[in-house]
Structures are given as structure tokens and as C-alpha cells.
Amino acid sequence: MNDELAFAPALRLAQLVRDREVSPLELAQLYLDRIARLDPELNAYVTVDEAAVLATAAEPHDGPFAGVPISIKDLNETAGLRTTYSTKAHAQNVPAFDAAVVRRIREAGFVVLGKTNTPELGTIGVTESELNGACRNPWDLSRTPGGSSGGAAAATAAGLCPVAQGSDGGGSIRNPASCCGLVGIKPSRGRVSPAPWGSGSLGLGTNGPIARTVRDAAALLDVMAGYEPGDFFVAPEPERPFIAEADREPGRLRVAFTTRPPIEVPVDEACSEGVRRAAALLTGLGHDVREAAPPWEDPELVPHFIRVWQNGPAAMGIDLGLLEPINRALAEDAVAVSGPELTGSIYRLQSAVRRIVAFWDDVDVLLTPTLALPPVPIGWTYEETDGDPHLAFARQLLFTPFTPIFNVTGQPAMSLPLHRTGNGLPIGVQFVGRPFAEATLVRLAAQLEHASPWADYRPPLTERTNA
């Protein structure tokens, strides 16, 4: 099998399988061989059961992606396949069930290659943990692929899977998509079910696609989306499949852009330049573009967000002594917060949502940098902290100030690989639509991909290995 096939879109691979030009077993072996060759440097996968992958690939397949490989983030349960959440407390955990999103992925015919790396419990924006080690960016092995879906993005960028399932509670799809030069979509709150688990008080987290092309991301979102019995948040049914939206013109959109984050942190010039270039491109495509920002500069929002966020580690019921320092500190802080204090923070955030979302009454799409920095070095989280876990957690805001607010508002948001640093590191641009308007984002993304193609870029890791 030609390694070039590893970078073909998942939709193309599905067609090749249907046309019997390639078999699911051949595709599985292609990616397994690449994982064996490249992943020792990347550490994108934490669990790969080669025998099970080949046995599954040899079975008959139905569905739109019959026989196409995919990776699953190690925060999502997979029946019979180790799921660690990157925490020592679950190092040997083998679930007996699939999370609903995994079940939907299997029902679409995908072959699960393995589980991708994530920070412990997915709580920070880089993919490094004591249990599973650091995942590295295929564009520069000294740097992070982002987080918490860093393994998913690194694997996709390096051709170790054609598409990947990720999840996003504060930027965890958009962040690694930016770092690795990919398309990442955070769907609207309620678009993808969290079953069998609950949504949490604000429904911050959601599953979503990571891909090299807009069409692949849209098609994978179609697979993931849908109601499960008992869901607390439920998005309206889309007018048509999202893959169909990729073939439709977006029309003339009202686009706002800003390079100022909701909180006072510096923004690297490369990240700001990416937004300005994207705004100029959109102007050239005929859209109505102006500089403007939502009313989101409220210094009290960060502590309220953290007060809700820190309940994740606490709610896992893990012995605090088995947690890494950041999650141990978050869990201890959560336990010290009273019920009325937590409820007050939820109310404050909900009040801010109404004010912020009203901005989209006058615009269709907002552009921001996805991140405030290019991919940071491995180990950056603990630099200049003297080991203080609170300072280490606070450093995440220097990297990811633009993304968490849209988990709070529940709006759909995506990162597109529209820019690069002078030395070739990917820089993503974030696009945010009004609630439940994924269709608008997909149409616009497809137009931008046509105007400024990115899918043929390859990380140096793959070029060096193939030389």
C-alpha cells in the first residue's frame, strides 16, 4: 500500500472500499504499519490492539464509512479496549460498553484503530500526563500538539488515521486542530449526546470531529450527532446533513473579527496576523467584514468558569492521592466550594451568555485567533511555576484565552488551518457561529478551503520518514 493513501480523505477511502479498489483489511494494515513506524516518536496512541483491529477489519461492514479506520480519544469508553482517561487510577480500565458516540461511529462502519493520548482527565490544553507521557507535534517534535485532544490531532496530521474523534470542554478540539494544521469543529451544545453520561450543569463538553478536510469533518459530525434518550440539552435537527452544507454557497455573510481576547493576556503576532489575513480573504470573497468584539470582557467570568470546571476532577470519585498535582488541586478546591457558591457561579455564567450571544443578532460569524500562542514547547505548563499546580493551571489561559467562552455559550465554533509561522508551524483561526448554526460554519469553511487549500501540507516528521 502506498503511504500517500494514508493522507486521502476518509470520504475517498470509503468510496475506494465500496468500489473494491482497496479492502478494509488493507487500510487497517496501512495505518497499523504507520503507527508502528511513526508513533514511537509522537506518542499519539496509548492503546492499539492490532489483533482486534485486523479481526474487525476482516468482518463485513455496513454504513457510509464501511471499512474506514478512525481513532478514539482516551476519554471515551470503548467496549473491550482499554480506556485510561490518562489517570493512574484507571490505568488498566477496560470498559464493557461503548460510549454513545463510539457506538454511532462503529455503526457508521468505521474500524477503530486505537485510543489517542490526552492529558489526565482532559483538563489542560497540552497533552502530557504521568501515566501516558507527552504527545508530540508532528510539525515540531519539541512542541505540543495541543490538548486535550492532542493525540487525536497528532495522529491525524501524521497520517496515523484519516479522521479522529475528539472532545472539547474548553477548546480541546479547536486547540489541537490549530497546533496541528487541521479542521476541528466544536458542535453546538446538545448537538452530540454525552450518553451514557450527563452533560454537567452547563454542558461545557461535547464530542466532535478532527479532520484534514472540511467535507470529512462535516461527514463525521453527521455520524456523531443526534439525540439519545434522556439527554438534558438537545439541539434542533439540522435542515439537511452537514456534508450537504459543504456543497452549498454561504452567501454574503456579516463577519466580525477581533484579536483581543476576553481576558487581558498578550497575543502572539503570528496568531493576530492569521486573523487579519483571514479577514482580508473573506473581504475578497465578498463578505461584509468589520472589526468588532462581543461584550465579553468581564474579569469575574474566569473564576466562575474555573469554579464549574474544577468539579470535573472532583466528580470522578478518584482517590485524590492518585491524581496529578493540577487535578488534585482542582478537586480539592471543588470540595471546598459550597453548593450555593457553585450555583451562584452557574447563574453568573448563564447571565453572561445572554449578553454575549446577543452580539450575533447583528453578525453571522465571529473570527478570532484560535490560540494566543503558537504550539508551546513540551513542559511549558510548569515553566516559571516552582511546581505550583494553581500557577500551572493558570498558565493555560495564556495559551487558550479565546476558546472556553464558547463552551459556556454553547455556540458552534471551529478552527481552520489558514496561517503558519515563519518557521512553518500551523496557526489556526477560530470561527464562531450563532447557536445551532453549524451549517453556516461548514459552508464558509468549504469556501475558504477552496480559496486557500491546506490539505496537501505534510508535517516534516512524515517527510523525513518517507525520504
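Thresholds, definitions, all that
Residues numbered from 1 in each chain as written. Predicted model: local features only at pLDDT ≥ 70, side-chain atom pairs only at ≥ 80, totals over all residues. Heavy atoms only, no water. Core = buried A, V, L, I, M, F, W, Y, C linked by side-chain atoms within 4.5 Å. Buried < 20%, exposed > 50% of the residue type's maximum accessible area, 1.4 Å probe, protein only. Contact = heavy atoms within 4.5 Å. Helix = DSSP H or I, 4+ residues; strand = E, 2+ residues; numbered from the N terminus. Expected span 1.5 Å × (residues − 1). Polar contact = N/O pair within 3.5 Å; in protein donor to acceptor, adjacent residues only side chain to side chain. Pairing = 2+ DSSP bridges. Right-handed = clockwise from strand over helix to strand, strands pointing away. Phe/Tyr/Trp six-rings, centres within 6.5 Å; stacked < 30°, edge-to-face > 60°. Lys NZ or Arg CZ within 6 Å of the ring centre and 35° of its normal. Arc of directions from axis to C-beta. Salt bridge = Lys/Arg side-chain N within 4 Å of Asp/Glu carboxyl O. Axes fitted to C-alpha atoms, helices over the stretch in contact; angles between N-to-C directions. Parallel < 35°, antiparallel > 145°, perpendicular 65-115°, else oblique. Left-handed = near helix turned anticlockwise from the far one by under 90°. Nonpolar A, V, L, I, M, F, W, Y, C, P; charged D, E, K, R; others polar.

A. Inspection of the nonpolar core at higher detail. Core analysis: the biggest nonpolar cluster contains 126 residues, and F110, L367, L416 and F431 have the highest contact counts within it. Ignoring anything within four residues of it in the chain, the contact list for L367 reads V255, A256, F257, T258, V275, A278, A279, L282, V429, Q430 and F431. Listed in part, the six residues of the second largest apolar core include L75, Y85, L121 and I318.

B. Local environment of helix 9 (residues 269-284). Here helix 9 is 16 residues long and its end C-alpha atoms lie 22 Å apart, about the 22 Å a rise of 1.5 Å per residue gives. When helix 9 is considered as a whole, its buried residues turn out to be A270, C271, S272, G274, V275, A278, A279 and L282. Buried residues belonging to helix 9 abut strand 7 (254-257), strand 8 (288-291), strand 9 (365-369), strand 10 (413-420), strand 11 (426-433) and helix 17 (438-451). Between the side-chain oxygen at the start of helix 9 and the backbone nitrogen of A270 there is a gap of 2.8 Å, and the oxygen is on D268.

C. Structural context of the pairing of strand 8. Pairing of strand 7 with strand 8, which is carried by four bridges, proceeds in the parallel orientation. Its bridge partner lying in strand 8, R254 is registered against D288. Viewed along the sheet, the connection from strand 7 through helix 9 into strand 8 turns out right-handed.

D. Up close: the packing of aromatic side chains. Applying the stated criterion across every chain, the model contains eight aromatic pairs. Judged by centre distance (4.5 Å) and plane angle (15°), the ring pair of F65 and F110 falls under stacked. Residue F65 is found in the loop between helix 3 (50-57) and strand 2 (69-73), and its partner F110 is found in the loop between helix 4 (100-107) and strand 3 (111-116); the two are separated by 45 residues along the sequence. What makes F110 buried here is its relative accessible area of 4%. In this arrangement the basic side chain of R420 is found over the ring face of W139, its NZ or CZ atom lying 4.7 Å from the centre.

E. Structural detail: helix 13 (residues 339-357). Counted at 1.5 Å a residue, the expected span for helix 13 with its 19 residues is 27 Å, and the 27 Å between its end C-alpha atoms agrees. For helix 13, the complete set of buried residues consists of S345, I346, L349, A352, V353, I356 and V357. The buried residues of helix 13 occupy an angular sector of 125° when projected down its axis, which confines them to one face. Exposed and facing more than 90 degrees away from the buried side of helix 13 are P340, Y347 and R354. Against helix 10 (301-309) and helix 16 (404-409) lie the buried residues of helix 13.

F. Region of the structure containing the environment of A392. Here A392 lies in helix 14 (residues 389-394). For the pair A392 and I124, spaced 268 residues apart in sequence, the C-alpha to C-alpha distance is 9.5 Å. Sequence-distant contacts of A392, that is, excluding residues within four places in its chain, are made with I326, T381, Y382 and T385.

G. Geometry of the pattern of salt bridges. Per the counting criterion, the structure on display carries 28 salt bridges. The closest approach of N and O atoms between D364 and R434, which form a salt bridge, is 3.3 Å. With D364 in the loop between helix 13 and strand 9 and R434 in the loop between strand 11 and helix 17, the pair connects residues that are 70 residues apart, well separated along the chain. Relative accessible area serves as the criterion here: at 12%, D364 is assigned to the buried category.

H. A look at the packing of helix 2 (residues 24-42) against helix 3. The interhelical angle for the contact between helix 2 and helix 3, taken along N-to-C directions, is 155°, at an axis separation of 8 Å. Between helix 2 and helix 3, the angle falls in the class roughly antiparallel. By crossing handedness, the relation of helix 2 to helix 3 is classed as right-handed. Seen from helix 2, the contacting residues are P24, L25, A28, Q29 and L32; seen from helix 3, they are E50, V53, L54 and A57. Broken down by class, the residue content of the contact of helix 2 with helix 3 amounts to seven nonpolar, one polar and one charged.

I. Molecular detail of the side chain of R240. With respect to the helices and strands, R240 occurs in the loop between helix 7 (214-224) and helix 8 (242-245). Here the side chain of R240 touches E239 through a polar contact of 3.0 Å, side chain to side chain. Leave out the neighbours within four places in its chain, and R240 touches E245, R248 and R443.

J. Molecular detail of the packing of helix 10 against helix 13. It is at 9 Å that the axes of helix 10 and helix 13 come closest, and there the two elements cross at 125°. If you check the angle between helix 10 and helix 13, you find them oblique. Regarding helix 10 and helix 13, the two cross each other, and that crossing is left-handed. Residue-level inspection shows L301, H304, F305, R307 and V308 of helix 10 in contact with helix 13, the latter providing E341, L342, S345, I346, R348, L349, A352 and R355. Class assignment of the residues belonging to the contact of helix 10 with helix 13 gives a composition of seven nonpolar, two polar and four charged.

K. Seen up close, the side chain of T385. By secondary structure assignment, the location of T385 is in the loop between strand 9 and helix 14. Since its relative accessible area comes to 3%, T385 is described here as buried. A polar contact of 2.8 Å, which involves the side chain of T385, links it to the backbone oxygen of Y382. Contacts of T385, omitting those with residues within four sequence positions, involve L391, A392 and R395.

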